[in-house]
Amino acid sequence: LWGIKKARLKELEWERGFVENLRLRLGASEKTVWEAIEWWKTKCIWKRPIMKDDAKALRMIMWKVKKSAQ
């Protein structure tokens, strides 16, 4: 279990950087970006990591944030 916790904390740290990047890039609130990330993670596969397919995640999350802003 310690290994799982360590991996999840590492993933969260990476995601914080991802969120900050998107927040500055799109001018969106941090909450909106986190909601879009949760939407993406649970869309098809439960809790898939962003790092696994970050280009696709970026594209889809940006779309969701922009759609939420409208």
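Anyway, here's the lowdown on the structure attached to this text. Computed from a predicted model, the values in this text were never measured in an experiment.

## Observations regarding the overall build of the protein
1) Next: The helix and strand tally for the protein stands at 3 helices and 0 strands.
2) Next: Secondary structure elements of the protein, listed N to C terminal, follow the sequence α-α-α.
3) Next: Computed over the C-alpha atoms, the radius of gyration of the protein is 12 Å, within 12% of the 11 Å expected from 2.2 N^0.38 for a compact globule of 70 residues.
4) Next: The proportion of buried residues among the 70 residues of the protein is 26%.
5) Next: In the protein, the share of contacts with a sequence separation of at least 24, taken over all contacts with a separation of at least 6, comes to 52%.

## Regarding the side chain of K41
1) Next: For K41, the location among the structural elements is in helix 2 (residues 30–43).
2) Next: The buried category is assigned to K41, whose relative accessible area is 1%.
3) Next: Within the local environment of K41, its side chain forms a polar contact with the side chain of E15, the two groups lying 2.6 Å apart.

## Remarks on the side chain of E11
1) Next: Structurally, the position occupied by E11 is in helix 1 (residues 2–26).
2) Next: Since its relative accessible area comes to 13%, E11 is described here as buried.
3) Next: With residues near it in sequence (within four places) discarded, E11 still touches K41, P49, I50 and M51.

## Overview of the packing of helix 2 against helix 3 (residues 54–69)
1) Next: Put simply, helix 2 and helix 3 touch, their axes get as near as 9 Å, and they point 125° apart. In this view, helix 2 runs oblique relative to helix 3, as classed from their interaxial angle. When you trace helix 2 past helix 3, the crossing you get is right-handed. Two secondary-structure elements touch here, helix 2 through T32, V33, A36, I37, W39, W40 and K43 and helix 3 through K56, A57, M60, I61, W63, K64, V65 and S68.

## Overview of the nonpolar core
1) Next: Counting 14 residues, the largest nonpolar core has V33, I37, I50 and I61 as its most contacted members.
2) Next: Of all the elements, helix 3 adds the most residues to this core, at 5 residues.
3) Next: Residue contacts for I61: discarding those within four places in its chain leaves F18, L22, A36, I37, W40 and I50.

## Digging into the packing of aromatic side chains
1) Next: Across all of its chains, the model carries 2 aromatic pairs by this definition.
2) Next: Centre to centre, the rings of W14 and F18 are 5.5 Å apart; their planes meet at 20°, and the pair counts as stacked. With a gap of 4 residues between them, W14 and F18 both fall in helix 1, about one helical turn apart.
3) Next: On the basis of relative accessible area, F18 is assigned to the buried category, the value being 10%.
4) Next: Ring geometry for W39 against W63: centres 5.9 Å apart, planes inclined by 40°, an arrangement best described as tilted. With W39 in helix 2 and W63 in helix 3, the pair connects residues that are 24 residues apart, well separated along the chain.

Calculation notes
- Residues numbered from 1 in each chain as written.
- Predicted model: local features only at pLDDT ≥ 70, side-chain atom pairs only at ≥ 80, totals over all residues.
- Heavy atoms only, no water.
- Helix = DSSP H or I, 4+ residues; strand = E, 2+ residues; numbered from the N terminus.
- Rg over C-alpha atoms; globule rule 2.2 N^0.38 Å.
- Buried < 20%, exposed > 50% of the residue type's maximum accessible area, 1.4 Å probe, protein only.
- Contact = heavy atoms within 4.5 Å.
- Polar contact = N/O pair within 3.5 Å; in protein donor to acceptor, adjacent residues only side chain to side chain.
- Axes fitted to C-alpha atoms, helices over the stretch in contact; angles between N-to-C directions.
- Parallel < 35°, antiparallel > 145°, perpendicular 65-115°, else oblique.
- Left-handed = near helix turned anticlockwise from the far one by under 90°.
- Core = buried A, V, L, I, M, F, W, Y, C linked by side-chain atoms within 4.5 Å.
- Phe/Tyr/Trp six-rings, centres within 6.5 Å; stacked < 30°, edge-to-face > 60°.

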